[in-house]
Every structure is written in C-alpha cells, then in structure tokens.
Amino acid sequence: MQLKIKRTMTVIDNQLIDHQGLVAEPPLVRAAVVVVVDNPFAGRYVEDLTPYIRASVGIGERMGAMAVQAMGGHGVESYGKAGLVGIHGEQEHANALLTSDFAEPIRRAIGGGKAWISSMTKVVTPGTPIDVPMNHRHAVYVRSHYNGMTLTLHDVPGPEEIAMIFCLASRGRLNARVGGIAHADVKGVDGLV
C-alpha cells in the first residue's frame, strides 16, 4: 500500500527571549513537520492495519528530510510525534502510522535517538488543536527536555484524512531548573560525556 500524500507543512518556532525577558542562550528552536495523507480505511473497520505500518516507512523518510531542513543546522535534542485522524477514521489508524517503523527513518535523519518517542493521537474535526509532547531523544528522564508544541492545523484533517506530525527541539526548556539528569550527563551517545 502506498498512501497518497495530500499536503505537507512545516512550523518553526525560534524562542530568543523568554516570558520573563531573559535572553535565551542558545535560542530554543522547535519545529513541527506535518504530512497529511488520505485515509483509505476511513468509514469501515479493517482488522489488519499492517499495510499502514509498512506504508509509514516512506512517509517517515520524507518527514526525516523535512525535519533536518526545518531545523536549519541546529542539533536535535528532543522529539515527539502525533496524529490527527479525520472523523470518518479511527484513532488506531494514526497509531498504526506512528509506530517505530515510521520513526526509525526520522531517527536516522537526525543522527539517532535511543529514547522512546512521546506521542499523542486523536480523532478530530479540522482545526482541533493538539499538544505534541516531547522528551530527550537519548534519555527519557532528562527533565529539562520535557516540552511540547501546540499545533492548530486550521483546515486539517478532513473527514477521510490523517495528519502525521513530528516535532523536534534544539535544546531543553528555557530556564529549566527542576533538577534530574542534565543533557550533558547523558553518556555513550553521539560523543556526549
């Protein structure tokens, strides 16, 4: 099965100064890449969703390239994924598209990732906001990197569409100070301490 891509979108957020007026050094760059696909299983129950899992690999490859471009040379320290399913589909349709088969090409594109990827999926009408959770890409317990992006895709997804979303961040939260493992303490990955 090959899913028909109907649309792609990229959202980039550069935080240079926090809400308290403190300059962010380095700035926090967050990006969301979105691919909207037709949902051929909309409106009917299909027991075996394996075709979606297999088809998601090519979409993950495309989104990996989009993610690298969106980050514009900034490194990636955290990530997260989400799916919005139009009202004729099922939440399980997005979950089938967001398995590790989909994520592995993105991990390769950004230089790897050892930690599981936080995710959120839901069935919605167009324009329903979604909070995409993010965590450190190598060590899930790095508290400074618990973050997210809220997206509102105003006319997506249609009743028979799925919006697949992948979010990335260049660093932890601005002024994070709740303790725990620091990014610099993550060992044995990509030359980190």
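Procedures and definitions
- Residues numbered from 1 in each chain as written.
- Predicted model: local features only at pLDDT ≥ 70, side-chain atom pairs only at ≥ 80, totals over all residues.
- Heavy atoms only, no water.
- Patch = residues over 30% accessible without salt bridge, like charges linked within 9 Å, V, L, I, M, F, W, Y side chains within 5 Å.
- Areas by Shrake-Rupley, 256 points an atom, 1.4 Å probe, with all protein chains shown as cover.
- Salt bridge = Lys/Arg side-chain N within 4 Å of Asp/Glu carboxyl O.
- Buried < 20%, exposed > 50% of the residue type's maximum accessible area, 1.4 Å probe, protein only.
- Helix = DSSP H or I, 4+ residues; strand = E, 2+ residues; numbered from the N terminus.
- Contact = heavy atoms within 4.5 Å.
- Phe/Tyr/Trp six-rings, centres within 6.5 Å; stacked < 30°, edge-to-face > 60°.

With that settled, consider a nonpolar patch on the surface. There is a patch of nonpolar side chains on the surface, built from Leu16, Ile17 and Val23 and spanning about 310 Å² of accessible area. Given the relative accessible area of 51%, Ile17 is considered exposed.

We now examine the environment of Val178. Following the sequence through the fold, Val178 ends up in the segment after strand 7 (161–169). Of the residues examined, Val178 reaches a relative accessible area of 51% and is grouped as exposed. Along the chain, Val178 and Gln91 lie 87 residues apart, while their C-alpha atoms are 34 Å from each other. Once residues lying within four places of it in the same chain are set aside, the contact partners of Val178 are Arg143 and Arg173.

Here we come to the packing of aromatic side chains. On inspection of all chains with the given rule, the structure shows 3 aromatic pairs. Relative to Tyr52, the ring of Phe41 lies with its centre 4.4 Å away and its plane at 20°, an arrangement referred to as stacked. Placement of the pair is Phe41 in the loop between strand 2 (23–38) and helix 1 (50–71) and Tyr52 in helix 1, with a sequence separation of 11 residues. The pair formed by Phe41 and Tyr52 is uniform in burial state, with each residue classed as buried. A network of ring pairs unites the aromatic residues Tyr79, Phe102 and Phe166 as a single cluster.

Geometric values such as these leave the question of function open.
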